Every structure is written in C-alpha cells, then in structure tokens.
Amino acid sequence: MRDLGPVDLGVLLSVFAVLLIFFGIDFRVSRGAARRHQRRALAFVSLSLLGEAATAIALVLTWVSLFLPAAAEQIDTLLVFIPGTVAIGCAVVLTVESVVSRLIGLRAGPD
C-alpha cells in the first residue's frame with residue numbers, strides 16, 4: 001500500500017468533513033415512520049451512528065497524520081483506510097435507503 005502524501009491527506013480531510021456533515025443532517029426518521037417500522041428505523045439510525053463514529057475516527061487520524069509528522073510515523077495507512085471505508089459504505093447505504101424511501105413516498109401519493 002502506498003504512503004499518503006500531504007495532498008492526499010488534505011483531500012481525505014475534506015472528504016471526511018463532508019461525510020460528517022452528511023451524517024449530521026441526512027438521516028431523519030419521522031415519529032410515525034419510526035412507530036410503523038421500528039426495526040428498520042433502528043437499523044438505519046444505528047448505521048448512521050456507526051458511519052458518524054467511523055468518520056470521526058478517520059478524520060482525527062488523518063488530521064494527526066497531516067499536521068503532526070512525528071506521530072504520523074506510528075499511524076499506518078490502514079488505520080485511516082478501514083474506518084474511512086466503513087464510513088463511505090454507511091453513507092452509500094443510507095443514500096440508497098433515502099432514495100428508495102422517497103420513491104416509495106412518491107408512488108404512494110398524497111394521503
């Protein structure tokens with residue numbers, strides 16, 4: 001696996017910052033939907049929390065690697081890659097769920 005340079009780490013910082021914003025504002029469950037679909041709501045809220053935690057870990061490790069060169073020697077690229085991959089996977093699943101939910105809402109029509 002190749003070493004990440006300062007430019008790569010800067011790009012990763014921006015990606016993780018955007019992901020944190022995404023997790024902060026994207027997933028909302030209405031009370032009615034949460035009552036009707038408790039398991040589904042719990043699963044996606046848990047997935048959102050997992051993604052947010054993984055993003056925060058990856059963001060901190062990337063920041064340390066970029067701005068504290070002495071500590072960066074002890075941080076392996078996999079320590080940034082693994083939580084970053086988990087965070088991006090969670091974001092993709094939540095995005096697909098959001099799109100499917102909106103399409104179902106459109107097909108159901110106004111009540």
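Relevant structure appears above.
Because the structure is predicted, anything quoted here is derived from the model rather than measured.

## Topic: the packing of aromatic side chains
Here is step 1: Under the counting rule described, the total for this entry stands at one aromatic pair.
Here is step 2: Aromatic side chains Trp-63 and Phe-67 sit 5.4 Å apart centroid to centroid with 45 degrees between the ring planes, which places their arrangement in the tilted category. Taken together, the residues Trp-63 and Phe-67, both in helix H3 (residues 38-67) and four residues apart, mark about one turn of the helix.
Here is step 3: Given the relative accessible area of 42%, Trp-63 is considered partly exposed.
Here is step 4: For Phe-67, a relative accessible area of 47% corresponds to the partly exposed category.

## What to know about helix H1 (residues 6-25)
Here is step 1: The terminal C-alpha atoms of H1, which comprises 20 residues, lie 29 Å apart, in line with the 28 Å expected from a rise of 1.5 Å per residue.
Here is step 2: Buried residues of H1: Leu-9, Leu-13, Phe-16, Leu-19 and Phe-23, and no others. Relative to the axis of H1, the buried residues are bounded by an arc of 130 degrees and lie together on one face. Turned more than 90 degrees away from the buried face of H1 sit Val-7, Val-18, Ile-21 and Ile-25, all of them exposed.
Here is step 3: Residues of H1 that are buried make contact with H3 and helix H5 (77-108).

## Notes on the packing of H1 against H3
Here is step 1: Where H1 contacts H3, the axes come no closer than 9 Å and their chain directions differ by 155 degrees. In terms of orientation, H1 lies roughly antiparallel with respect to H3. The way H1 lies across H3 gives a crossing that is left-handed. For the pair H1 and H3, contact is made by Pro-6, Leu-9, Gly-10, Leu-12, Leu-13, Phe-16, Ala-17, Leu-19, Leu-20 and Phe-23 and by Ser-48, Gly-51, Glu-52, Thr-55, Ala-56, Ala-58, Leu-59, Thr-62, Trp-63, Ser-65, Leu-66 and Phe-67, respectively.
Here is step 2: Of the residues in the contact of H1 with H3, the class split is 15 nonpolar, six polar and one charged.

What counts and what doesn't
- Counting restarts for each chain, with residues numbered from 1 along the sequence as it is written.
- Local features in this predicted model are restricted to residues whose pLDDT is 70 or higher, and side-chain atom pairs enter the listing and the counts only when it is 80 or higher, whereas totals over whole chains, interfaces and linings include all residues.
- Neither water nor hydrogens contribute to the side-chain values; these are computed over all heavy atoms in the structure.
- Here a pair means two rings of Phe, Tyr or Trp (six-membered ring of Trp) with centres within 6.5 Å. Their orientation is stacked below 30 degrees between planes, edge-to-face above 60, and tilted elsewhere.
- Counting from the N terminus, the helices are the DSSP runs of H or I reaching at least four residues and the strands are the DSSP runs of E reaching at least two.
- Think of it in three bands: residues with accessible area under 20% of the maximum for their type are buried, residues over 50% are exposed, and the middle band is partly exposed, with areas taken using a 1.4 Å probe on protein chains only.
- To estimate how far a helix should extend, the number of its residues minus one is multiplied by 1.5 Å.
- Regarding the arc, it is the one traced by the directions from the helix axis to the C-beta atoms.
- Two residues form a contact once any of their heavy atoms are found within 4.5 Å.
- Between N-to-C directions, angles cover 0 to 180 degrees, with each direction set by a line fitted to C-alpha atoms, over the stretch in contact for helices.
- Working rule for angles: under 35 degrees goes down as roughly parallel, over 145 as roughly antiparallel, 65 to 115 as roughly perpendicular, anything else as oblique.
- Note on convention: the crossing is left-handed when the near helix lies turned anticlockwise from the far helix by less than a right angle, right-handed when the turn is clockwise.
- Three categories are distinguished: nonpolar for Ala, Val, Leu, Ile, Met, Phe, Trp, Tyr, Cys and Pro, charged for Asp, Glu, Lys and Arg, and polar for the others, with Gly belonging to the last.

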